[in-house]
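As a plain string of letters, each chain reads:
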Number of protein chains: 2
Amino acid sequence: MAAAPSPRTTSSVPIQLGDRSYDILIASGLLQDPHAWAGMAASTQAIIVTNTTVGPLYAARLAQSLKSRHATVHIVSLPDGEAHKTWLVLNGIFDALLENACDRKTVLYALGGGVVGDMTGFAAASYMRGVPFVQVPTTLLAQVDSSVGGKTAINHPLGKNMIGAFYQPLRVVCDLDTLDTLPAREFSAGLAEVIKYGPIFDMAFFDWLEANMDGLLARDKALVAHAVRRSCEIKAQVVGQDEREAGLRAILNFGHTFGHAIEAGMGYGAWLHGEAVGCGMVMAIRLSMRLGLVDAVFVDRVTALIRRAGLPAVGPALGASRYLELMRVDKKAEAGEIRFVVIDSPGRAVVRGAPDALVGEVIDESCRA
Amino acid sequence: MAAAPSPRTTSSVPIQLGDRSYDILIASGLLQDPHAWAGMAASTQAIIVTNTTVGPLYAARLAQSLKSRHATVHIVSLPDGEAHKTWLVLNGIFDALLENACDRKTVLYALGGGVVGDMTGFAAASYMRGVPFVQVPTTLLAQVDSSVGGKTAINHPLGKNMIGAFYQPLRVVCDLDTLDTLPAREFSAGLAEVIKYGPIFDMAFFDWLEANMDGLLARDKALVAHAVRRSCEIKAQVVGQDEREAGLRAILNFGHTFGHAIEAGMGYGAWLHGEAVGCGMVMAIRLSMRLGLVDAVFVDRVTALIRRAGLPAVGPALGASRYLELMRVDKKAEAGEIRFVVIDSPGRAVVRGAPDALVGEVIDESCRA
């Protein structure tokens, strides 16, 4: 019990949501560890949904590990990338489920990053009005953010994540070893969502990130294990209080209103989601300063850490009016008013509106002409 | 309080589902009655989803009635019929929502029959991960069955209602006047779901239906009001105990396993859903007899009432093996075993399997060669 934490020791972070409660397991080597699946309902059939990048690396290992739980394990491989988070690709999962006569007890395993998790989750939410699913995130971004909390969705040509469901997994299994094969650019994108938890919730964690950013970028397993665990703890605490984003949960979208505009404006996939969020956080923290909530020292500190993580701090020059147009269809907008997550004071976020002119100035100063 | 019930007096049937509870209102003239919408959250925008048959008759009346609640009321008209319960048509609703920059508070009104209700409900469940919706059913089938209980879905080429959600409306508003324009064939189809409630739950109601079938077919408003109210009461009682069909709720699928095979085998839309259910109930009651649960007198009694309602009691000759193949992908099937709702004793239903050979004999004797 008093042993020093190591990446080999499994951390378990509970998400408390009544009869939809579940655990996030975090450790090295979980994919091939039968204990990772213990206690979940077994079923005749299972489907691993993955993509063409992650599948060749890890799908066979997962399928082997699941053999004792399911008589048949199918593998469905989706094209890789945000640009494929569409109905057409989602429907490929339904085709596989129906062609294999999968019943209501069939378990779906989402093996991949945020796109695979979002699509598999929505497929599980919708197939026969709901079948069980397990998140097996293989990117840093998915491990610290998108696999936790039950948000699932696909994109619509007119907006990101516009069609989806709140649908909780049975479990989230984060095998830290899968991060070994993650390209540097995607690792940095994941760090954006890690850094996010500092300004909105926990400045002590932000201090720790500043002290350990070099080690994290070198993928020191113990440091990565701590970053994933602490991120999941914060997300669990927020989601446990507000599953369906009636209030508090919206703070997790810090940087996302600007970020979604960058993603949509550049075409899905041109910027990674985490890159857009990183740059979006720079804009959101500047907006917070212009609203008189934080000072320039804090803005510089957040911006510096985002840059150190290898993330872009300068936005694409789409023009302020295009940004505003794209942000008006954000899900947080109400009756045409854009809602921004801003930092009220370091470690505390609030959601509020802001005058278009002020937002435009922030965009102009944050984008390279 | 002691006044005799009249179709002008609004009946209110509560569905008790904790924080998802709502009322079914039943009366003539509700479409133009502002009280029908009282107490629901107002919002800037609303969308009436209807179809090309019902829209011209009632959409303007509903839009007028909603003007005090919503600054803007859009109307989206879908093609009419089960064959259009597809992703492509569903996506038309999402297009309209996004093109009009509809936010999370936008209310969707489903004005039409089961297809409109199922699609609007699934659109509401999925748009921005869930927006409020109201069922305004205009067919007998939708008023007594499909609009109540929160089942929403679209069809997949490989199976009916395979993609959907459990998602409860804010309210169900049944205006009995809308049944005036319902074609006789569709009125009979609705009676199938009314008759269903007798054998599975309430033989006193079945007796009443036998005594009043002529008056119902003549659309006597007081009789129709009673049939709708009693059907909704029974459905409310069953759904209140088992919202997500973990057990009891499955009895509402009496006749539906055979019926879905007829619908799929003939191509969606060739048989109306209620016609397929009527014929499916004849098969299911015969199966119940072959399983030794009910006697021939009861089989004849149920079959006779189904015929009197103007419903087909003889199935299409698809061949027993085709029926079995289609039924194996039914949502109630588990690991390839087909689950049938059978009558255990008059007024009581159970879900169980049956040998293929026995089922095949029932199909053969129930279909015209």
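No experiment lies behind these values; they were computed from the predicted model shown. (Residues numbered from 1 in each chain as written. Chains lettered and ligands numbered in written order. Predicted model: local features only at pLDDT ≥ 70, side-chain atom pairs only at ≥ 80, totals over all residues. Heavy atoms only, no water.)

**Student:** Give me the relation of the copies chain A and chain B: which residues, what numbers.
**Tutor:** These two copies of the chain differ by a rotation about an axis and a displacement along the same axis. When chain A is fitted to chain B, the residual RMSD is 0.0 Å, and the transformation amounts to a turn of 180° plus an axial shift of 0.0 Å. Classification of the inter-copy transformation places it as that of a two-fold axis. Taken together, the interface assignments show that 97% of the residues at the interface of chain A recur at the interface of chain B, consistent with an identical surface on both copies. (Least-squares fit on C-alpha atoms with pLDDT ≥ 70 in both. Contact = heavy atoms within 4.5 Å.)

**Student:** Give a description of the side chain of Gln45 of chain B that names residues and reports values.
**Tutor:** Residue and element names in this part refer to chain B. Here Gln45 lies in strand E3 (residues 45–51). What makes Gln45 buried here is its relative accessible area of 13%. Separated by 2.5 Å, the side chains of Gln45 and His74 make a polar contact. Apart from the residues lying within four places of it in its own chain, the contact partners of Gln45 are His70, Thr72, His74, Asn100, Ala101, Cys102, Thr106 and Val107. (Helix = DSSP H or I, 4+ residues; strand = E, 2+ residues; numbered from the N terminus. Buried < 20%, exposed > 50% of the residue type's maximum accessible area, 1.4 Å probe, protein only. Polar contact = N/O pair within 3.5 Å; in protein donor to acceptor, adjacent residues only side chain to side chain.)

**Student:** Describe the packing of helix H9 (residues 273–290) of chain B against helix H12 (residues 356–366) of chain B, listing the residues and the values that go with them.
**Tutor:** Residues and elements named next belong to chain B. Interaxial distance between H9 and H12 falls to 10 Å at its minimum, and their mutual angle equals 130°. One finds that H9 runs oblique with respect to H12. Judged by the sense of rotation from one axis to the other, the crossing of H9 with H12 is right-handed. Between H9, through Met283, Arg286, Leu287 and Arg290, and H12, the contact on the second element is made entirely by Leu358, Val359, Glu361, Val362, Glu365 and Ser366. Class assignment of the residues belonging to the contact of H9 with H12 gives a composition of five nonpolar, one polar and four charged. (Axes fitted to C-alpha atoms, helices over the stretch in contact; angles between N-to-C directions. Parallel < 35°, antiparallel > 145°, perpendicular 65-115°, else oblique. Left-handed = near helix turned anticlockwise from the far one by under 90°. Nonpolar A, V, L, I, M, F, W, Y, C, P; charged D, E, K, R; others polar.)

**Student:** Can you lay out the pattern of salt bridges for me, pointing to particular residues and giving the numbers?
**Tutor:** Residues and elements named next belong to chain A. One pass over the structure, following the stated rule, counts 54 salt bridges over all chains. Close ionic contact of Glu275 with Arg185 constitutes a salt bridge, the shortest N to O distance being 2.6 Å. One end of the pair, Glu275, is in helix H9 (residues 273–290); the other, Arg185, is in helix H5 (residues 184–201), with 90 residues separating them in the sequence. Arg185 sits in the partly exposed class, given a relative accessible area of 44%. (Salt bridge = Lys/Arg side-chain N within 4 Å of Asp/Glu carboxyl O.)

**Student:** Explain the UniProt feature "domain: 3-dehydroquinate synthase C-terminal" (unreviewed entry) in chain A to me, and be specific about the residues and the numbers.
**Tutor:** Taking the UniProt record as the reference, the feature "domain: 3-dehydroquinate synthase C-terminal" (unreviewed entry) is found at residues 190–333 of chain A. Within the segment residues 190–333 of chain A, helix and strand shares are 68% and 0% respectively, and the terminal C-alpha atoms sit 26 Å apart. (UniProt positions renumbered as here; feature names shortened; annotations may be inferred.)

**Student:** An account of the environment of Asn155 of chain B is requested, with residue identities and associated values reported.
**Tutor:** Residue and element names in this part refer to chain B. Among the secondary structure elements, Asn155 is positioned in strand E7 (residues 151–156). On a C-alpha basis, the gap between Asn155 and Met119 in space is 9.7 Å, while along the polypeptide they are 36 residues apart. Not counting residues up to four positions away in its chain, the partners in contact with Asn155 are Glu82, Lys85, Thr86, Lys160, Asn161 and Tyr268. For Asn155, the side chain forms a polar contact with the main-chain nitrogen of Asn161, separated by 2.8 Å.

**Student:** Could you give an account of the environment of Thr138 of chain A, naming the residues involved and the relevant values?
**Tutor:** Residue and element names in this part refer to chain A. Checked against the element boundaries, Thr138 lands in the loop between strand E6 (133–137) and helix H4 (140–146). For Thr138 and Val54, which are 84 residues apart along the polypeptide, the C-alpha to C-alpha distance reads 7.8 Å. What Thr138 contacts, discounting residues up to four positions off in sequence, is Val54, Leu111, Gly112, Gly113, Gln143, Thr178, Leu179 and Leu182.

**Student:** I'd like a rundown of the UniProt feature "domain: 3-dehydroquinate synthase N-terminal" (unreviewed entry) in chain A, residues and numbers included.
**Tutor:** Under the present numbering, the feature "domain: 3-dehydroquinate synthase N-terminal" (unreviewed entry) in UniProt falls on residues 76–188 of chain A. Its end C-alpha atoms 28 Å apart, residues 76–188 of chain A is made of 34% helix and 29% strand.

**Student:** Provide a residue-level description of helix H6 (residues 203–217) of chain B, including the pertinent values.
**Tutor:** All names here are of chain B. Between its first and last C-alpha atoms H6 spans 20 Å; for 15 residues at 1.5 Å apiece the expected length is 21 Å, and the two agree. Maximum bend of H6: about 60°, positioned at Ala211. Of all the positions in H6, only Met203, Phe205, Phe206, Leu209, Asn212, Met213 and Leu216 are classed as buried. Residues of H6 that are buried make contact with helix H5 (184–201), helix H7 (221–241) and helix H10 (296–308). A side-chain oxygen of the first residue of H6 lies 3.1 Å from the backbone nitrogen of Ala204; this N-cap is Asp202. Directly beyond the C-terminal end of H6, a positive phi value near 60° is found at Arg219. (Expected span 1.5 Å × (residues − 1). Bend = angle between axes of the 7 residues up to and from the residue.)

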